[in-house]
Amino acid sequence: MNDTAPSQSQPTGVIAPRIDRPGFFTRLLHWLIDDPIAAIGLAVLIVIFSCAIFADQIAPYDPTLQDYAAMLEPPSSAHLLGTDDLGRDVFSRLIHGATASVYAAVLAVGVATALGVPVGLIAGYTGGWVDEVISRILDTFLSFPAIVLAIAVTGVLGIGLTNAMLSVGIVFAPQLARLVRARALVLKQELYVEASQCFGASSGWILLRHILPNAIQPVLVQITLLMAVALLAEASLSFLGLGMQPPDPSWGSMIARAYIYAQISPAQMYAPGIAILVTALAFNTVGESLREALDPTSRH
Amino acid sequence: MLNTVQRKMLTRRLLQAIPVLLLATFSVFMLLKLLPGDVAITLAGENATVERIEEIRRLKGLDQPLIVQYGQWVWGAVQGDLSESLLSGEPVATTLARVFPNTLFIVLYAVTLSVLIGVPLGILAASRSGGFSDKLVMVLSSVGVALPNFWIAMIFVVVFALNRSWFPATGFVSPFENPLEALWYATLPAVALAASGMAEVARQLRSSLVETLHSQHFRTLHAKGLPFRSILWKHGLRNVSVNLLTVISLLINRTLAATVVVEIVFAIPGMGNTIVNATLQRDFPVVQGAVLVMVVTVITVNLITDVLYSILDPRIAQR
């Protein structure tokens, strides 16, 4: 009798049946098996991020160490990708260049997310004149060519990678804000949001608990795609001499320097360019694949 | 040509552009205000006396409230007065009037190439959706979008100018002086810019065309026995023409920004070289004027696109 007693006291019909959803890692694995190209892209990104974090351990030489006895040397076993015009090891500079690129992309996209997401949430959820004013401001910032504004702002704030990428982030923010605004506009009419309002939940709670989690998927996709754009922007700014300052290496500044010696040693400018191309391609591939995985209607 | 609805829409769009323009010009104006330190001291140069600094402050209207200063600056800009370069003393408007057409020429050349190559590629990919040519076009366009265009520009210089001398490595000839030679000089920069442009056009066109061709309306046309060729050319392309317009207008704006970097590789006397050199030499009136011209160009392109939309697709005007 004692065995059956607890079951009688259990409430029935109140607790919703538990749906067995596969865990995060199972879904991740399924996604990568379904799309092997995205898996390659993700692997490339893991390698690049590892290079960026562990550059000191991986690079065989100090990237700023000059060796005047070995200038503009072709690739050899001592220098896998040869040496530059100051006798610095190109391979080591390439590895350390990943640090600059990853830092730049994360900083710009981080700033864009921190600014864009809250603004988009507020505009979409509040509506009315607030939305109208914010939308006009977003329109304005969307009409600034990113690179041009970044050049001007770095000129004013002072030349350097951090200032350059902060301004790129500001220019990117409206793209995320627009996306989040559009999602918030739709989501605020959902039944669960209305129910929450009826229970007297505050706007801040509804935005954080209901709107944001449901708007996050397209934001994730856009963030991945923006990483590629930020990476290319960093390369362009460093190429122009407005980003990473010598002697510290960045892929863009390596190309700029190699171009001066293009006639003597054209191979110098290939490695950093390919590094930029492959990394941007990897971000785009993962982003596009995420978009398809999260929104099956976009697949053709 | 325009009916009442379209005229109304046009008026509304023009009115909407005004706050955007005001806000954009205000942001550009504020750029100089971000400068650490006192602009009057910078303008007066080193070892200036206190009286001289005060005089400059009065002359430049720097003692006025911010909003008055902005008003004066905009009023000057509308009349073509963008102040003078701190280095050469040349009026900024004169400098920009000289270099802007060069940039515009390269941008239009690159966009034309992107459309001429990107559209057929997009159609090819969409008509063989899932096949080998589709996959090839998609791979090429993925690479094109991820290419740093200043890098591909340099490779072009090394391969086609330094090694083979088919094209000049650097320099620029104005299309007003010698159109043929201008095209010859601008070809490498334009192709370098078009590498990502055509990829973007092909990609976007393919995706909207595939979507259109999969719609119910096209299944019906197919069921009625219309040959695929006529479905694609007569119905499919007409339906995606509005999307193509968006892509082209975005492309013009994006190419305008990308030219800034590519101009440096080819030493083209355009907006890019002007902005970058002015920034490196801290010649702020030039930076401010150049950014202003770029932003106003983008806003104008967007406005023209909106108007063209409503002509191509009357449904948009009614919204």
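Structure: see above.
Right, let's walk through the structure included here.

Thresholds applied
Residues numbered from 1 in each chain as written. Chains lettered and ligands numbered in written order. Predicted model: local features only at pLDDT ≥ 70, side-chain atom pairs only at ≥ 80, totals over all residues. Heavy atoms only, no water. Helix = DSSP H or I, 4+ residues; strand = E, 2+ residues; numbered from the N terminus. Rg over C-alpha atoms; globule rule 2.2 N^0.38 Å. Buried < 20%, exposed > 50% of the residue type's maximum accessible area, 1.4 Å probe, protein only. Contact = heavy atoms within 4.5 Å. Lys, Arg positive; Asp, Glu negative; His and termini not counted. Charge placed at Lys NZ, Arg CZ, Asp CG, Glu CD. Buried area = accessible area lost by both parts, 1.4 Å probe. Salt bridge = Lys/Arg side-chain N within 4 Å of Asp/Glu carboxyl O. Polar contact = N/O pair within 3.5 Å; in protein donor to acceptor, adjacent residues only side chain to side chain. Nonpolar A, V, L, I, M, F, W, Y, C, P; charged D, E, K, R; others polar.

**Description of the overall build of chain A**
Looking only at helices and strands, chain A has 12 helices and zero strands in total. Put simply, chain A runs from its N terminus to its C terminus through helices and strands in the order α-α-α-α-α-α-α-α-α-α-α-α. Taken over the C-alpha trace, chain A has a radius of gyration of 25 Å; the compact-globule value for 300 residues is 19 Å, which it surpasses by more than 25%. Along the longest, intermediate and shortest principal axes, the C-alpha atoms of chain A span 90 × 60 × 40 Å. Going through the 300 residues of chain A one by one, you find that 46% of them count as buried. When contacts within chain A are restricted to residue pairs at least 6 apart in sequence, long-range pairs at least 24 apart make up 71% of them. Averaging the locations of the 14 positively and 21 negatively charged side chains of chain A gives two centres separated by 10 Å.

**Brief notes about the interface of chain B and chain A**
Listed per partner, the contact involves 47 residues of chain B and 39 residues of chain A. The three residues of chain B that bury the most area against chain A are Phe150(B), Trp151(B) and Met154(B), which together make up 16% of that side's buried surface. Where chain B meets chain A, there are one salt bridge. Salt-bridge contacts for Glu288(A) lead to Arg203(B); the nearest nitrogen and oxygen are separated by 3.7 Å. The tally of links from chain B across to chain A stands at one residue pair in polar contact (both at pLDDT 80 or more). Those elements that place two or more of their residues in the side of chain B that touches chain A are α1 (4-33), α6 (132-146), α7 (149-163), α8 (179-213), α10 (228-266), α11 (271-280) and α12 (284-312) of chain B. Here the side of chain B that touches chain A is built from residues that sort into 37 nonpolar, six polar and four charged.

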